[in-house]
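Listed below are the residues making up each chain.
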Amino acid sequence: MAEDIKSGIGATIGIVLGVPATFDEAGYTALTYAEVGEAISIGAFGGTAEVLTQTPIKSGIIRKVIGSINYGSSAIQFGLFTDAGQTALNDGFDGANKGKMHSVEVSYFDGTKRYYTAIITSYEYQEISSSSFVNGASTLEVNSSIVDVVPV
């Protein structure tokens, strides 16, 4: 189904420890997500495929096939303060839930949602200056295909 072009204003990102019972709309929507408060940006996420090549000496023409798929990573920036979502990111990086799989929900203002699973591979305090907010950032390494849920 085609989506209209939309603004990022009103978008949110939520996170919860664990994976859904099923990797579809029903499985992901059954989970309760903690919103990452004061999200400033949600980086790109989605898959890219490795391209395998070989060149037969007879033809000299490079043959290509799709190899491994990497669902990438997403960098999240946020205004730093303590809330359940930011705490989950910190705990998932080097706290009690270090290295454990999390489920992620990205919500748009029109009700569209995108879901995936990820591990948290960074939790950083951003540069501080006299003319900036105190911000944090976290990187999510995506481990599943993206499940799109578009309202009808």
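Right above here is the structure, for reference.
Everything in this summary refers to the structure shown in the same document. (Residues numbered from 1 in each chain as written. Predicted model: local features only at pLDDT ≥ 70, side-chain atom pairs only at ≥ 80, totals over all residues. Heavy atoms only, no water.)

Our focus in this paragraph is the packing of aromatic side chains. Counted under the stated rule, the structure contains six aromatic pairs. Ring centres of Tyr33 and Tyr115 lie 5.9 Å apart, and the angle between their planes is 40°; on these two criteria the pair is classed as tilted. Remark: Tyr115 occurs in strand S8 (residues 113–125) and Tyr33 occurs in the loop between helix H1 (25–29) and strand S2 (34–35); sequence separation between them is 82 residues. Each member of the pair Tyr33 and Tyr115 is classed as buried. The interplanar angle of 40° and the centroid separation of 5.8 Å between the aromatic rings of Phe78 and Tyr123 together place this pair among those described as tilted. With a gap of 45 residues between them, Phe78 in strand S6 (residues 73–79) and Tyr123 in strand S8 connect regions that are remote in the sequence. (Phe/Tyr/Trp six-rings, centres within 6.5 Å; stacked < 30°, edge-to-face > 60°. Helix = DSSP H or I, 4+ residues; strand = E, 2+ residues; numbered from the N terminus. Buried < 20%, exposed > 50% of the residue type's maximum accessible area, 1.4 Å probe, protein only.)

Here the structure, examined in full by the defined rule, presents three salt bridges. In this structure, Lys113 engages Glu105 in a salt bridge whose closest nitrogen and oxygen atoms are separated by 3.9 Å. Judged by relative accessible area, which is 25%, Lys113 ranks as partly exposed. Residue Glu105 is classed as buried on the basis of its relative accessible area, which comes to 14%. Across the pair Arg114 and Asp148 runs a salt bridge, and its minimum N-O distance is 2.5 Å. Placement of the pair is Arg114 in strand S8 and Asp148 in strand S10 (residues 147–149), with a sequence separation of 34 residues. Exposure remark for Arg114: the relative accessible area of 16% places this residue in the buried category. (Salt bridge = Lys/Arg side-chain N within 4 Å of Asp/Glu carboxyl O.)

When you line up the elements, Ser144 lands in the loop between strand S9 (135–142) and S10. By relative accessible area, which is 9% here, Ser144 ends up buried. Only 2.9 Å separates the side chain of Ser144 from the backbone nitrogen of Thr117, close enough to count as a polar contact. In this structure Ser144 touches Tyr28, Tyr71, Tyr116 and Thr117, once residues within four positions along its chain are discounted. (Polar contact = N/O pair within 3.5 Å; in protein donor to acceptor, adjacent residues only side chain to side chain. Contact = heavy atoms within 4.5 Å.)

Most of strand S7 (residues 102–107) sits out of view: six of its six residues are buried. Where burial is concerned, the two faces of S7 agree: the one with His102, Val104 and Val106 and the one with Ser103, Glu105 and Ser107 are both buried. Bridge count for strand S1 (residues 12–17) against S7 is six bridges, and the pairing is antiparallel. Counterpart to Ile15 in the pairing with S7 is Val104. Direction of pairing for S7 relative to S8: antiparallel, over a ladder of six bridges. Bridging from a neighbouring strand, Val104 pairs with Tyr116 of S8. Taken together, S7 and the strand that follows it, S8, pair antiparallel across an intervening segment of five residues, in which Gly111 is found at a positive phi of about 95°. (Pairing = 2+ DSSP bridges.)

Another point: unusual backbone geometry. Of note in the backbone geometry, Glu38 takes a positive phi value of approximately 55° without being a glycine. Along the chain, the position of Glu38 falls in the loop between S2 and strand S3 (39–42).

Purely geometric numbers; function is a separate question.
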